[in-house]
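This is what each chain is made of:
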Amino acid sequence: MADGGEADAVAIVAAPGHVMPPNADPYTEQGFTAWVNTIHPKFVESGLADKLIEDGFDNVRVAAKLDVEALRSDFDVPRGLALQFIDAAQAVAEVLGYTRAESLHSVDGSLAFR
């Protein structure tokens, strides 16, 4: 609206990895790999998608169940990038209709889910 007329159009772009790439099927290894590779260039460099697939995390639904500590300890992902991955996985899982159970440690140390 620089000239006082109609409002200028604003493009809203999703954060990297918060949507599936065009034509990528979130339930296939190829689609999963395409999605992981959109989150951050370091995931491409490190081959994170291949490492996740090798460990059984071969689609967005199961990847959304990972947490920061698992990404850090099992896949050597730095904390900040792990947080980006988790945010992206949860965003896509939500669009796909999945919800993620919050894990909680009970008083006796066992894992409980809410």
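Throughout what follows, the structure given in this document is the object of discussion.

Cut-offs and rules
- Residues numbered from 1 in each chain as written.
- Predicted model: local features only at pLDDT ≥ 70, side-chain atom pairs only at ≥ 80, totals over all residues.
- Heavy atoms only, no water.
- Helix = DSSP H or I, 4+ residues; strand = E, 2+ residues; numbered from the N terminus.
- Contact = heavy atoms within 4.5 Å.
- Areas by Shrake-Rupley, 256 points an atom, 1.4 Å probe, with all protein chains shown as cover.
- Salt bridge = Lys/Arg side-chain N within 4 Å of Asp/Glu carboxyl O.
- Buried < 20%, exposed > 50% of the residue type's maximum accessible area, 1.4 Å probe, protein only.

## So, the overall build of the chain
Here's step 1: A tally of helices and strands in the chain yields six helices and two strands.
Here's step 2: Order of helices (α) and strands (β) in the chain, N terminus to C terminus: α-α-α-α-α-α-β-β.
Here's step 3: For the chain, contacts bridging at least 24 residues in sequence account for 45% of all contacts bridging at least 6.
Here's step 4: Summing over all exposed atoms, the chain offers an accessible surface of approximately 7500 Å²; the carbon and sulfur share of this is 53%.

## Side note on the pattern of salt bridges
Here's step 1: What the rule picks out here adds up to two salt bridges.
Here's step 2: Between E69 and R72 there is a salt bridge; the shortest N-O distance is 3.8 Å. Of this pair, E69 and R72 both sit in helix α5 (residues 68-75), three residues apart, which is roughly one turn of that helix.
Here's step 3: Assessed through its relative accessible area of 36%, R72 is described here as partly exposed.
Here's step 4: When the shortest N-O distance is used, the salt bridge between R79 and E69 registers 3.6 Å. Of this pair, R79 sits in helix α6 (residues 79-95) while E69 sits in helix α5, placing them ten residues apart in sequence.
Here's step 5: What makes R79 partly exposed here is its relative accessible area of 45%.
Here's step 6: Ionic contacts of the salt-bridge type, sharing partners, join the residues E69, R72 and R79 into one network.

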